[in-house]
Amino acid sequence: MLYEFLWKNTYLYSHSKSMLFTPAETENLKMKNRLVRSATAESMATKEGFVTPELIELYKKLAEGGVGTIVTGYMYVSEDGRSSYKMTGISRDEHIEGLSRLVSEVKDVDRDVVFVAQIAHAGRQTLLGNAIAPSAVKDLFTGIEPKEMTGDDIERVIDDFINAAIRAEKAGFDAVQLHAAHGYLLSEFISPYTNRRKDEYGQERAKILLDIFEGIRERSKIPVMIKMNACDFIPGGLEIDEAVRIAKLLDDAGFEAIEVSGGMYESIYHNRYNVVSQKVSKSGEAYFKEYAFRIKDAVSMPVIAVGGIKSLEVAESLLEKVDFVSMSRPLIRDPYLPLKMMKGEVDKSDCKSCNLCLAAIFENKPLDCYAKRKEDS
Ligand SMILES: Cc1cc2nc3c(=O)[nH]c(=O)nc-3n(C[C@H](O)[C@H](O)[C@H](O)COP(=O)(O)O)c2cc1C
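> What exactly am I supposed to notice about the site of the ligand here?
As a structural note, the neighbourhood of the ligand is formed by 26 residues, with S38, A39, S277, S328 and R329 the closest of them. Elements represented by at least two residues in the shell around the ligand include exactly α13 (329-333) and α15 (356-362). Take the shell around the ligand: its biggest share by element is three residues, from α15. Considering only residue class, the shell around the ligand consists of 13 nonpolar, 11 polar and two charged.

> How do you make sense of the packing of helix α4 (residues 151-171) against helix α7 (residues 207-219) when you look at a structure like this?
Look at α4 against α7: their axes get within 9 Å of each other, and the N-to-C directions meet at 45 degrees. Between α4 and α7, the angle falls in the class oblique. Considering only the axes of α4 and α7, their crossing is right-handed. On α7, the residues touching I154, I158, F161, I162, A165 and I166 of α4 are I208, D211, I212, G215, I216 and R219.

> Help me understand the confidence of the model for the protein, please; the structure alone is not making it clear to me.
Low pLDDT marks regions whose predicted coordinates should not be analysed in detail. In this model, the protein carries an average pLDDT of 95, and 95% of its residues clear a pLDDT of 70 or more. Of the regions scoring below 50 in pLDDT, residues 1-16 engages in 12 contacts with residues more than four places distant in sequence or in other chains.

> How should the pairing of strand β10 (residues 175-180) be read in this particular structure?
In regular strands, side chains alternate between the two faces of the sheet. Counting buried residues in β10 gives six out of six residues, a clear majority hidden from the surface. With burial as the criterion, each face of β10 is covered, one bearing A175, Q177 and H179 and the other bearing V176, L178 and A180. Where strand β7 (residues 114-120) lies against β10, four bridges are found, and the strand directions are parallel. Following the sheet pairing, I119 is matched in β10 by L178. Strand direction decides the pairing type here: β10 and strand β11 (residues 224-231), joined by five bridges, are parallel. When the sheet's bridge partners are listed, H179 is paired in β11 with K227.

> Hey, could you run me through the pairing of strand β14 (residues 324-327) in this one?
Because side chains alternate across β14, one face comprises the buried residues F324 and S326, and the other comprises V325 and M327, equally buried. For strand β3 (residues 35-37) and β14, the ladder comprises three bridges, and the chain directions are parallel. Residue pairing in the sheet places R37 in a bridge with M327 of β14. Bridge count for strand β13 (residues 303-305) against β14 is two bridges, and the pairing is parallel. By the bridge assignment for β14, A305 is matched with V325. The handedness of the β13 to β14 crossover, carried by helix α12 (residues 312-318), is right-handed.

> Please clarify how α4 should be interpreted in this entry.
Counting along an α-helix, one turn takes 3.6 residues, and residues three or four places apart therefore face a common direction. Spanning 21 residues, α4 covers 30 Å between terminal C-alpha atoms, matching the ideal 30 Å at 1.5 Å per step. Two residues or fewer after α4 comes G172, characterised by a positive phi angle close to 105 degrees.

> Would you explain the packing of helix α2 (residues 53-64) against helix α3 (residues 95-109) in this entry?
Close contact between α2 and α3 brings their axes to 9 Å; oriented N to C, the two are set at 30 degrees. Considering the angle they form, α2 stands roughly parallel to α3. In terms of crossing hand, the pair formed by α2 and α3 is right-handed. Only R101, L102, E105, V106 and V109 of α3 make contact with α2, whose side of the interface consists of L55, I56, Y59, K60, A63 and E64. The residue makeup of the contact of α2 with α3, split by class, is seven nonpolar, no polar and four charged.

> What should I look at first to understand the environment of D174 in this one?
Mapping D174 onto the fold places it in the loop between α4 and β10. The exposure class of D174 is buried, given the 22 C-beta atoms found within 10 Å. Between the C-alpha atom of D174 and that of F115, which follows or precedes it by 59 residues, the distance is 5.5 Å. The residues contacting D174, other than those within four sequence positions of it, are L29, V114, F115 and V116.

About the thresholds
- Each residue is numbered by its place in its chain's sequence as written, counting from 1.
- Local features in this predicted model are restricted to residues of pLDDT 70 or higher, and side-chain atom pairs are both shown and tallied only at a pLDDT of 80 or more, whereas totals for entire chains, interfaces and linings draw on every residue.
- Note on definitions: a residue is near a molecule or strand provided its C-beta atom, placed from the backbone, lies within 6 Å of it.
- Starting at the N terminus, helices and strands are each numbered in turn, a helix being any DSSP run of H or I of at least four residues and a strand any DSSP run of E of at least two.
- By the convention adopted, Pro, Cys, Tyr, Trp, Phe, Met, Ile, Leu, Val and Ala count as nonpolar, Lys, Arg, Asp and Glu as charged, and the other residues, Gly among them, as polar.
- Every axis in this analysis is a line fitted to C-alpha atoms, fitted for helices over the stretch in contact. Angles between the N-to-C directions lie between 0 and 180 degrees.
- Oblique is the label for every angle not falling under 35 degrees (roughly parallel), over 145 degrees (roughly antiparallel), or within 65 to 115 degrees (roughly perpendicular).
- Definitions for this section: a left-handed crossing has its near helix turned counterclockwise from the far helix by less than a right angle. A right-handed crossing has that turn clockwise.
- Note on contacts: residues are paired as contacts if their backbone-placed C-beta atoms lie within 7 Å.
- Note: pLDDT gives the predictor's confidence per residue, expressed from 0 to 100.
- Neighbour density around each residue's C-beta defines its exposure: 20 or more other C-beta atoms within 10 Å make it buried, 12 or fewer make it exposed, and counts between make it partly exposed, where C-beta atoms are placed from the backbone.
- The criterion for strand pairing is that DSSP finds at least two bridges linking the strands in question.
- With strands facing away from the observer, any crossover in which the path from the first strand over the helix to the second runs clockwise is taken as right-handed.
- What a helix should span is 1.5 Å times the count of its residues minus one.

Set out below in C-alpha cells:
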C-alpha cells in the first residue's frame, strides 16, 4: 500500500517533472492532476439506460490509467432527450442504483479521481424521432425537423436537468457537467442559428443555463461545470465574441469550470468535415485553443481546453494559459496513457483521429478503439 502510494505520487512526479501531473483545484474540488477525460458516449447502457458491467469496466480502466478527472459520456435527462439507443440514463430515480454502483467501483480503484456526470438533452440531434428544439430549424445534415418547444416544454426540461443533477449527487458523483456543446439542446439554445425565439429564452439565449444552475443551487451544493461551444462553425451560428459574453454570465453565476469546444452535427454539412472531433494530422493539436484562451482572459472560473490534444508537449504549453486539458480519443485508444506519460514511457498518443470509435457508437456498437482492434486482429 505504502509502496503503491510512493510509486504513484513521488516516483512518477519526479520522473516526469510535468505541470500536467501536478495537483490542481477548482472552487470546490481537488484534482490530483490537470488531465481530464472529456465526456465520451459509451453506447454501453441497456435499452432502458441502465448501467451495465461493461460500462463499469470502461470507467475502472480509466481510473486505473491515472487521469485526474473523468467526465462520463452524455446521459439523458429525459426520455425525449435521448440521442441514441444505448445512451446511459439519469432521467428516472431507478437509474440511481446502477450509477451509484458505477461511482463506488470507480472510487474503489482510485478514491482521488474526480468523477463528473455529464447531463444532456439531445434537442434536434436525436436519432429516435420526436425531436424538440428552441426553434423549428431543420438540421441540414440529418434532415431532422424539430418541433419548436413551448414555454411549458422549456420549464419541464429545466426541471429535468435539475432532477438529473440531484440524482447524480445521490449516486455519489463529485460534480455535474451541463452539455451545452456540439449542437445538443442547450447548445441549440445559446446559438443564434438554432434559437430564433422571441420570448425571454430567445432574448437572452443563456437564460436556460442560468435557470438550470439556479434550480440546482436551490436544492443542492453539487458543483456545476459546463462544456460549451465557443463557435458553431455554421453561418449565423454562435461566434466567439458572443460565447465570451455568455461565459462571463456563467462565471458570475458560479459555474465551477468551463470546457471550451465547438461544432454541431450540422457543421459537417457546411464545412465537409467533423468539426468537433477533427483529424489532428490536418488541424494540428489543440485546434480550439484560441477559443479557450479568449474565454480564459474573460472569466475567473477554471478553463479546460479540449480538441485534438495528444502530446505532453502541447498539453504542457496549454497549461501556461489554461487550467486543465482534456482528452477523449487518446483515452479510448489507451486509458493507461496518463500513467505511461507520467512514467516517461510515452510522450504522445498514437491515436490517428480516424473516428472509427465515433462511427461505431452511431451504429450502437460499444465504445472502443476499432483501429486498434483491426491492428490486433
Ligand atoms: C466516440 C466519441 C464520443 C463522444 N461523446 C461525447 C459526449 O458524450 N459528450 C461530449 O461532450 N463530447 C463527446 N465527444 C467529443 C469529445 O469529448 C471531444 O470533445 C472531441 O472528441 C475532441 O477531443 P479529442 O480530440 O481529445 O477526441 C465524443 C467524441 C468521440 C470520439
